[in-house]
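Now for the letters of each chain:
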Amino acid sequence: MKTHSKTMLTIKSYIKFVVLALIVAFAFSCSPEDGNDGAPGPTGIAGTNGTNGTDGQDGQDGNANVIASDWFGPDGQTFITNGYTKYAEFNVNVPELTNDIIDGGVILVYAKFTNFVPEVWPVGNTALLPITIRGGTTDHEFTFYTETTNINIRYRREGPAPTWEFSNTARFRYVLIPSTDAKNSLDYSKMTYEEVVNHFDLEL
């Protein structure tokens, strides 16, 4: 009887061992580290590229139509006596000076001098024609007028002098503003030279 009990105990232990071994084996077989990777899926279809946007139009420069000369002197001046009027004068050829600018645009002519005393004309001063410089007993008047493709600059004196001429150190510069650019609320004749230069982004 005791032998039969021992045999049953041995069989039960064996069964427990086998069941435990199966559980352990099953656990290892289910481990994700042991499985083989599946085959890669097919590559998806590439998306359609978006349509490129239209390039914007470049803006126009602020001074694209404004014409400014370099500084120039009174080359080729002459002295003219015409009845009761006497004056020195010279002209500068300006091919860009059209009837459209003369009739509807703005023409600015600036002058700077170094032959007057500082009390009469401050050093470095630049001013818009027409100009009257009063010095002692003599008035110096600088004006200009236009012809197609020409700007004529005139110098008159009021005072005792038989003849006179522009100083060779006198310098002038013109700025032409077409009618399309001149139609605004600005009065360029009331602006300083520096303000006009900055407004149109010109070189001094």
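The preceding data block contains the structure.
Residues numbered from 1 in each chain as written. Predicted model: local features only at pLDDT ≥ 70, side-chain atom pairs only at ≥ 80, totals over all residues. Heavy atoms only, no water.

**So, the sheet that holds strand 9 (residues 171-177)**
- A sheet is described by the order of its strands in space; here four strands give the open sequence 1-9-4-5, paired in antiparallel fashion. Every interior strand has two partners, whereas the edge strands, strand 1 (67-68) and strand 5 (127-128), have only one.
- Here strand 4 (residues 106-112) pairs with strand 5 via two bridges, running antiparallel. Paired with Tyr-110 across the two strands is Leu-128, which belongs to strand 5. (Pairing = 2+ DSSP bridges. Helix = DSSP H or I, 4+ residues; strand = E, 2+ residues; numbered from the N terminus.)

**Side note on the pairing of strand 4**
- Along strand 4, five of the seven residues are buried, which leaves the element largely enclosed by surrounding structure.
- Two elements, strand 4 and strand 9, share seven bridges in a ladder whose sense is antiparallel. Across the sheet, Val-106 pairs through a bridge with Ile-177, a residue of strand 9. (Buried < 20%, exposed > 50% of the residue type's maximum accessible area, 1.4 Å probe, protein only.)

**Things to note about the packing of aromatic side chains**
- What the rule picks out here adds up to 17 aromatic pairs.
- Between Phe-142 and Phe-166 the ring centres are 6.0 Å apart and the planes differ by 50°, which places this aromatic pair in the tilted class. Taken together, the positions of Phe-142 in strand 7 (residues 138-147) and Phe-166 in the loop between strand 8 (150-158) and strand 9 put the pair 24 residues apart, joining distant regions of the chain. Each member of the pair, Phe-142 as well as Phe-166, carries the same accessibility label: buried.
- Ring centres 5.5 Å apart and planes at 55° place the aromatic pair Tyr-155 and Phe-166 in the tilted group. Taken together, the positions of Tyr-155 in strand 8 and Phe-166 in the loop between strand 8 and strand 9 put the pair eleven residues apart, joining distant regions of the chain.
- Phe-166 gets classed as buried once you look at its relative accessible area, which sits at 1%. (Phe/Tyr/Trp six-rings, centres within 6.5 Å; stacked < 30°, edge-to-face > 60°.)

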